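# Summary of the model geometry
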Amino acid sequence: MRKRGISLVTVLALCLCLLPGTALAAAGEGNWTDGLTEAPAGYTEEADGTTITIASAEGLAWLAVQVRGLNGIAKNDFAEKTVVLAADLDLNGKNWTPIGDGSARYKGNFDGGNHTISNMVIHANNGEQYIGLFGTVWFRGSDENPSYVKDVTLENANIVTGNIGAGAYVGTLIGEAIAGRGSISGCRASGEIDCQVATGNIDAGGMIGYVNPLSNVAESIQVTNCTASVKVGGKYNQGGGFAGGMSEGAKISNCGATGTVTMCEPYKGPTSPVAGGFLGALILMNGTPLSIQDCYATGDVLMDASTDEYQAAGGFLGGDPYGGAPAVIQGCFASGDVTVTTNSTEMQCVGGFIGIGFQGLKMKDSYCTGDVAVTNGKALAGGFAGYNGGELANCYSLGTVTSQSKTLARAFGLVANASAGSIYENCYALGAAMTGSVVSPCLSTSAEITNKGCYHYAGIDFGEGTPAGTEQSTALSLERIISGAFTGLDGEAWMKGPGPLPHLKAIPSEVQVTEKPSYLYRSVTFDAQGGSGVDAQRVYYGTTITAPVSTREGYDLAGWYTTAEGTGEAFNFETPITEDMTLYARWTEKP
């Protein structure tokens, strides 16, 4: 599942995955919890009996001691209590012990008070399974009084894992969130996660490792207004820039991830490796709906995973590996490139937005702009999705797709494999090139699908690839794209927008302005020939440029010409630009 012409930077990044890990930050001397047997300064139990105020690093460590029952202290899960952070904290110099683990979960509320916890370092190497500021949080609120973690920033968090337990959960804020009634909101995280040893199936996410559902809760945790700028790398099995895995009933909205996601040689077990710029995997087992709305991912996704299982990678979502359960993704976008190299003999499903999705998954009002490239393996590579069995409505992709597999190499503009029963409505794929053994500009397939109003670029470069069959979308020439000939893409979901391409109303138009596809643009450079410098202009094909201003002492500007000698007629700035060009200033000496 990945790319074609892979850059040197990408190759080096993938090669570094295979080297022995180097600690991201020094572990420091000892742990913050060492020697704590009573409440330190900066830890206050308020008179109301339900509020605890923390204003020191030692005070926060004392919370971890109590929850986990360390140093001979009785366990306290803090149910029905609220912990309030009252100051910015610096955790530099010592190793952090996560608050809660599998046998002692934190069950209280946490109000970060918009404070910052900086320089948290976790070096986990002794069988730990729950890793983060909070190892595990059980959201046990009610409909009337949901529990919460809110308004805290983690700055420069560094997590390095070694010989941790199989089935571990790793996230900067929370390793495992058990999804009863509750919410995570207003949280920020920056830093790095490096899973250096493939000890078993590991979920790793920039903010949350895994959201684990309660089977008897129809709607559970809500995650809102959170962002993660965390590099997530190493030998995990499910990884994402925001969360590794997300399951039943969760509602995620207005969240983002900007970190690079790099998976390298994960554990070779029963769980298929999946990686996504925002979310690694949807784990939907009991049919409870999940929704992700108004979220984004901007980091690149790189995978080198030679396992015996199928693999999936996507710019936003790795995949829905278990399939069939209802989920809705709406108003989301991904802008990172997706690159996969592997020696696996199993199928690789790779897409600019999602790697693999099954029936029950609906993706609406969303887009991706990253390039997709795959080497080796059996590859289904699509500009938007590698494999899709669900519904795709009002979506688009702009990246190129390259598949260099030696066995099966599908490179399709929108979706590489559209299964029978899948639905496509009002979508477009305008990537400039599809490179593979079997190619299609958009949706070509023999499956019985529903397709209404999908478009692709007629001038796409297929190289030596074999067309996949009857094309399921309408071809638009460059001139028709520039004129906006997207019939049907002007309804309630779409708007015109700067430039010729239809934009989605669900996402701010300025966010959708991009340098892709490059064939839409022409560049004009200016040689002032002794005059003051003039910036180049990049415009849409067939549109005009603005006459630039340049000055030269002792001379008047006589015009701009297409030749350095200034012969012929001066360039007419009402002329549509249809090719890249250079214009030269012509000067006349003042009398």
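The text that follows walks through the structure, step by step, so that each part is easy to find. (Residues numbered from 1 in each chain as written. Predicted model: local features only at pLDDT ≥ 70, side-chain atom pairs only at ≥ 80, totals over all residues. Heavy atoms only, no water.)

## Things to note about the overall build of the protein
Going by this rule: Helix and strand assignments follow DSSP, with helices taken as H or I runs no shorter than four residues and strands as E runs no shorter than two, numbered in order from the N terminus. Throughout, exposure labels follow a simple rule: accessible area from a 1.4 Å probe, protein chains only, divided by the maximum for the residue type, with under 20% read as buried, over 50% as exposed, and the rest as partly exposed. Note on areas: these come from Shrake-Rupley sampling with a 1.4 Å probe, and a residue is covered only by the protein chains present in the view.
Across its full length, the protein holds four helices and 54 strands. Split into buried and exposed, the 591 residues of the protein put 56% on the buried side. In the structure as shown, the protein presents an accessible area of about 22,000 Å², 47% of it carried by carbon and sulfur atoms.

## A few points about the environment of D111
What counts, and what does not: Contacts are assigned to residue pairs that have any heavy atoms within 4.5 Å of one another. Any pair of nitrogen or oxygen atoms within 3.5 Å is treated as a polar contact; in protein, a donor-acceptor pairing is required on top of that, and neighbouring residues in sequence qualify only through side-chain atoms on both sides.
Note on placement: D111 falls in strand β5 (residues 109–118). Distance from D111 to V83, taken between C-alpha atoms, is 6.2 Å for residues 28 residues apart in sequence. What D111 contacts, discounting residues up to four positions off in sequence, is V83, V84, L85, Y148, K150 and D151. At a separation of 2.9 Å, a polar atom in the side chain of D111 contacts the main-chain amide nitrogen of G113.

## A closer look at the nonpolar core
The test is simple: Residues grouped as a nonpolar core are buried Ala, Val, Leu, Ile, Met, Phe, Trp, Tyr and Cys residues, joined through side-chain atoms within 4.5 Å.
The biggest cluster of nonpolar side chains holds 142 residues, and the ones touching the most others in it are F242, F278, I292 and F316. A total of eight residues in this core trace back to one element, the largest contributor, which is helix α2 (residues 57–68).

## Digging into α2
Residues separated by three or four positions in an α-helix point in the same direction, a consequence of the helix having 3.6 residues per turn. The cut-off we apply is this: By this rule, a helix spans an expected 1.5 Å times one less than how many residues it contains.
With 12 residues, α2 ought to run about 16 Å at 1.5 Å a step, and its terminal C-alpha atoms sit 17 Å apart, in line with that. The buried count for α2 comes to 11 of 12 residues, which makes it a mostly enclosed element. Inspection of α2 places A57, G59, L60, A61, W62, L63, A64, V65, Q66, V67 and R68 among the buried residues, and these make up the whole buried set. Note on α2: the residue one or two positions beyond its end, G69, has a positive phi of about 70 degrees.

## A closer look at the packing of aromatic side chains
Going by this rule: Classification of ring pairs uses Phe, Tyr and Trp, with its six-membered ring standing for Trp, and accepts pairs whose centres are within 6.5 Å; under 30 degrees between planes counts as stacked, over 60 as edge-to-face, and the remaining range as tilted. Whether a charge sits over a ring depends on NZ of Lys or CZ of Arg being within 6 Å of the ring centre and within 35 degrees of the ring normal.
Scanning the model with the defined rule gives 22 aromatic pairs in all. Ring geometry for F78 against Y106: centres 6.2 Å apart, planes inclined by 35 degrees, an arrangement best described as tilted. Of this pair, F78 sits in the loop between α2 and β3 (82–85) while Y106 sits in the loop between β4 (89–90) and β5; the two residues are 28 residues apart in sequence, bridging distant segments of the chain. Ring geometry for Y296 against F333: centres 5.7 Å apart, planes inclined by 15 degrees, an arrangement best described as stacked. One end of the pair, Y296, is in strand β26 (residues 296–297); the other, F333, is in strand β31 (residues 333–334), and 37 residues separate them in sequence. Given the relative accessible area of 13%, F333 is considered buried. Members of the aromatic cluster, each reached through a chain of ring pairs, are Y296, F333, Y367, Y396, Y428, Y455, F486 and W494. Here R140 stacks its cationic end above the ring of W138, 5.0 Å away from the centre of that ring. Across the ring face of Y148, the terminal group of K150 is positioned such that the distance to the ring centre comes to 4.9 Å.

## Some details on the environment of C195
One can find C195 in strand β13 (residues 188–195). Classification of C195 by relative accessible area gives buried; the value is 1%. With 25 residues separating them along the chain, C195 and V170 place their C-alpha atoms 8.8 Å apart. Residues in contact with C195, not counting those within four places in the same chain, are T161, I202, A204, G233, G234, K235 and Y236.

## Section: the sheet that holds strand β54 (residues 581–589)
Quick note on the threshold: A pair of strands is considered paired only if DSSP assigns at least 2 bridges between the two. Each axis is a line fitted through C-alpha atoms, taken for helices only over the stretch in contact, and angles between the N-to-C directions span 0 to 180 degrees.
Taken in spatial order, the four strands of this open sheet run β52-β51-β54-β53, and their pairing is mixed. This sheet does not close on itself; its edge strands, each paired only once, are β52 (537–540) and β53 (555–561). Within the sheet, the average angular offset between the axes of one strand and its neighbour, ignoring direction, is 25 degrees. Pairing of strand β51 (residues 521–527) with β52, which is carried by four bridges, proceeds in the antiparallel orientation. Bridging across to β52, Y521 finds its partner in Y540.

No statement about biological role is implied by the geometric values presented.
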